[in-house]
Each structure stands twice: as C-alpha cells, then as structure tokens.
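# Overview (structure and organization)
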Amino acid sequence: SSGINAEYGGTRISLHSTLLQTSTGIQSLDLLLGNGMNLSSSILMQELDRGEYSPAFAKHFISEGITHGHAVVCLGERVNSWLTTLPKPIEQESAPQAQAEDNLKIAWRYKRKMQNRFSHSYDLSQHRSSEEITNSVTTIPTRNSSYLEVYQEINRIVEEHKDNVVRIVIDRYMFPIDDESMFIRFHYCLQRLVTQKKVVLMCLYPTGVMSDFSSFYLQELFNYVLSVESLPRDKKSVFKDYHGILHLDKIDNMCTFTMPHYDMTDRFFKVQRKKFIIEKMHLPPDLSETVSRSSNSSATNCASSKGIDF
C-alpha cells in the first residue's frame, strides 16, 4: 500500500516528520498517537488498578510484530500466559489452503500482502499457532537475573536483528522493586538503546508501587504514557457498554516540522468477543419524564412571551 517503507516491513514515513512509524496492533490507538508509533520510541502502559485489560494492548502489540515479521522480545511476569492467547489477524481466515504447488504460490503472495499492510485487525476469539510464536518471539527468563544481565541479553538480540525492527515487551519486571535507583537506571539504559536502533518498546507497570519521584522520572523516559483504568460491571451505569478508560497522559512531539495537535481527551474501550475498540464516550440523551416536562414548560413560556408588547 502507499507510503509503506520497503526496507523495514510494517513501517511507513510519518506525515508530520521524517521518522518511520509502525502500528501498535490497535488501529484506533494508532490514530491517537499520530497515525502510528514512531520507530525508536517507547510506550509506558500504567495500570491504575488490578491490570485486567492492559494485557490486551500488549497482545496486539506482539501479534502485530509477528504479522510483519519483526523480531519480538518478551520478558516479565505474565508474558508466557499471553503468548498462548495472541489474537490472530482476521484476514488470515480467508487465506487459501495450500494443497498443491499453485496454491503454495498463492499463499506465499497472500502472506507477503499481509506483511505489506501497515496495520491489521485482530480476532480475539482466534489464537495464533505455537509454531508462529516459536519462530518469531524470544522470551528472556528473568528469575535470578540481574538488571545488567537482562540488558545485555536484550542488547545482544537487538544487534542480532539489526536489519529488522525489534519489538520489546516488558511486564512488571523486578516487581516488587527492591532498588528504585537501579530500576530507573535500567530503563534509562534501555531507552538509550531504543533511540539508537530500530526498536519499539512497550512496558506495563502498576502505579503506586514506587515513590513519586521515581514514578515521575520513569514517565519522563518514555515517549508515550498511557494509563488503563477498569470500569465496574454495572448494568445500570451509563458506562455499561465499556470495560475501561484509557487516559492519554503523554505524547511526545518527535522531530516534527509542524506542531501536531493531539486530542488528549480520555477514551473508553471495550473488549468484544472478536474485537478491541477504543472510542470517545458519548452520553445518551436524558429522556426522563422530568426533563420532558421541563422542556415542554420552557417551550410554553417562550411561546407565551411572543405576545407581550414592550
């Protein structure tokens, strides 16, 4: 498709800058971030509560990398369970069955076409095969590993795939935190690596587990900071159709010729059986009996006032 960069799969040049962009795996989130996530940038997902829905963002991020043939690196508390339920691109359902030599050629062309698209839609009810995950995703064990050892392993993988885009997902690494200064230093070094290579990073951390100073410093290191908040499941609530709120806390302007305007209004999201949707919340009109009566009385007063002479 138009604007797709041929050198790095799944990337395109931003309309606002000379930077390459890649998709987060959620098309509605791409629009909020300026039509995509800049390469050599990082995103912090803050969990304001129990972190029930934040894994959905990471799963789409990982699955998008697999679709484009990117090198995906995962480490942290919950990543192994995520990899068993990665959503599958919807378009793959219509892929031709390769039963003969001609069908194999068609299937190969179809795969290339999928990789040449910038972003994809995913079916949450369909999961990727273990073979796809094994060939594309590298998990780094963190138990009994120091910050330095984990950083060196990430650096090694990035150098090994220097001709490809590398996606890194870190989930609740080293929690609970024993040494905040080392934790911040690790992310400082990691962010420096990200800015120097064709890397995109997504980290998921709960709030309220660090001091205010360390939390502020951590947010300053990331280019995008989003907060995920779950909503109570109340059928009588005006939010009954939504599962949570997405707070846009920070979106960096990176190498822009013009100052893009980002709508930082909170968004609501809902997780359907086959789709993850982020949208603005529109309150329904209040059609209660009290409002109807007040409206009628207002209309009557306006009509009667037309006959008054001044």
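Residues numbered from 1 in each chain as written. Predicted model: local features only at pLDDT ≥ 70, side-chain atom pairs only at ≥ 80, totals over all residues. Heavy atoms only, no water.

## Thoughts on the sheet that holds strand β12 (residues 244-251)
If you walk across this open sheet you meet the nine strands as β8-β5-β9-β10-β4-β11-β12-β13-β14, and the pairing is mixed. Either end of the sheet is taken by a strand with one partner, and the two such strands are β8 (137-139) and β14 (276-279). Averaged over all pairs of adjacent strands, the angle between their axes in this sheet comes to 20°, without regard to strand direction. (Pairing = 2+ DSSP bridges. Helix = DSSP H or I, 4+ residues; strand = E, 2+ residues; numbered from the N terminus. Axes fitted to C-alpha atoms, helices over the stretch in contact; angles between N-to-C directions.)

## Considering the pairing of strand β4 (residues 41-47)
Of all seven residues making up β4, seven are buried, and the element is well covered by its neighbours. Alternating positions in β4 separate into two faces, Ser-41, Ile-43, Met-45 and Glu-47 on one and Ser-42, Leu-44 and Gln-46 on the other, with burial throughout. Across seven bridges, β4 lies against strand β10 (residues 199-206) in parallel orientation. In the strand pairing of β10, Gln-46 is matched with Tyr-205. Alignment of β4 against strand β11 (residues 224-230), held across five bridges, turns out to be parallel. Paired with Met-45 across the strands is Leu-226, a residue of β11. (Buried < 20%, exposed > 50% of the residue type's maximum accessible area, 1.4 Å probe, protein only.)

## Topic: the nonpolar core
Of all hydrophobic cores here, the largest spans 40 residues; its most connected members are Leu-29, Met-45, Phe-57, Ile-62, Leu-246 and Ile-278. Considering every element that reaches this core, the biggest residue donor is helix α2 (residues 54-68), with six residues. Those residues in contact with Ile-278 that sit more than four places away from it in its chain are Ile-26, Ser-28, Leu-29, Leu-32, Phe-57, Leu-246, Arg-267, Phe-268 and Phe-269. With 31 residues, the next largest nonpolar core counts Ile-184, Leu-193, Val-199 and Val-225 among its residues. (Core = buried A, V, L, I, M, F, W, Y, C linked by side-chain atoms within 4.5 Å. Contact = heavy atoms within 4.5 Å.)

## A short note on the side chain of Gln-46
With respect to the helices, strands and loops of the structure, Gln-46 is situated in strand β4. Within the local environment of Gln-46, its side chain forms a polar contact with the side chain of Gln-219, the two groups lying 3.0 Å apart. Those residues in contact with Gln-46, other than ones at most four positions away along the chain, are Tyr-205, Thr-207, Ser-215, Gln-219, Val-225, Leu-226, Ser-227, Val-228 and Asp-249. (Polar contact = N/O pair within 3.5 Å; in protein donor to acceptor, adjacent residues only side chain to side chain.)

## Examining a nonpolar patch on the surface
A grouping of Tyr-188, Phe-213 and Tyr-217 is seen on the molecular surface, where their side chains present a nonpolar patch of about 350 Å² in accessible area. On the basis of relative accessibility, which here comes to 44%, the residue Tyr-188 falls in the partly exposed class. (Patch = residues over 30% accessible without salt bridge, like charges linked within 9 Å, V, L, I, M, F, W, Y side chains within 5 Å. Areas by Shrake-Rupley, 256 points an atom, 1.4 Å probe, with all protein chains shown as cover. Salt bridge = Lys/Arg side-chain N within 4 Å of Asp/Glu carboxyl O.)

## Focus: the pattern of salt bridges
Under the counting rule described, the total for this entry stands at nine salt bridges. Its salt-bridge partner being Asp-171, residue Arg-78 comes within 2.6 Å of it at the nearest N-O pair. Note that Arg-78 is positioned in the loop between β5 (71-76) and α3 (79-82) and Asp-171 in strand β9 (residues 166-171), a separation of 93 residues in sequence. We note that Arg-78, like Asp-171, is buried. Salt-bridge contacts for Lys-197 lead to Glu-159; the nearest nitrogen and oxygen are separated by 2.9 Å. Taken together, the residues Lys-197 in the loop between α7 (180-196) and β10 and Glu-159 in helix α6 (residues 147-160) connect sequence positions 38 residues apart.

## Notes on the packing of α7 against helix α8 (residues 212-221)
Relative orientation of the contacting elements α7 and α8 amounts to 5°, with a least axis distance of 10 Å. The pairing of α7 with α8 is recorded here as roughly parallel in orientation. Facing Glu-180, Phe-183, Ile-184, His-187, Tyr-188 and Gln-191 of α7, the residues of α8 in contact are Ser-214, Tyr-217, Leu-218 and Leu-221. Here the contact of α7 with α8 is composed, by residue class, of six nonpolar, three polar and one charged. (Parallel < 35°, antiparallel > 145°, perpendicular 65-115°, else oblique. Nonpolar A, V, L, I, M, F, W, Y, C, P; charged D, E, K, R; others polar.)

## Focus on unusual backbone geometry
Located in the positive-phi region is Asn-35, a residue other than glycine, with phi close to 70°. Checked against the element boundaries, Asn-35 lands in the loop between α1 (27-32) and β3 (37-38). Under the relative-accessibility criterion, Asn-35 is labelled partly exposed at 26%. The phi torsion at Arg-172 lies on the positive side, around 50°, for a residue other than glycine.

## Brief notes about the packing of aromatic side chains
Under the counting rule described, the total for this entry stands at 10 aromatic pairs. With a centroid separation of 5.0 Å and 75° between ring planes, the pair formed by Phe-57 and Phe-276 is classed as edge-to-face. With Phe-57 in helix α2 and Phe-276 in strand β14, the pair connects residues that are 219 residues apart, well separated along the chain. Each member of the pair, Phe-57 as well as Phe-276, carries the same accessibility label: buried. Aromatic side chains Phe-183 and Tyr-205 sit 5.2 Å apart centroid to centroid with 70° between the ring planes, which places their arrangement in the edge-to-face category. (Phe/Tyr/Trp six-rings, centres within 6.5 Å; stacked < 30°, edge-to-face > 60°.)

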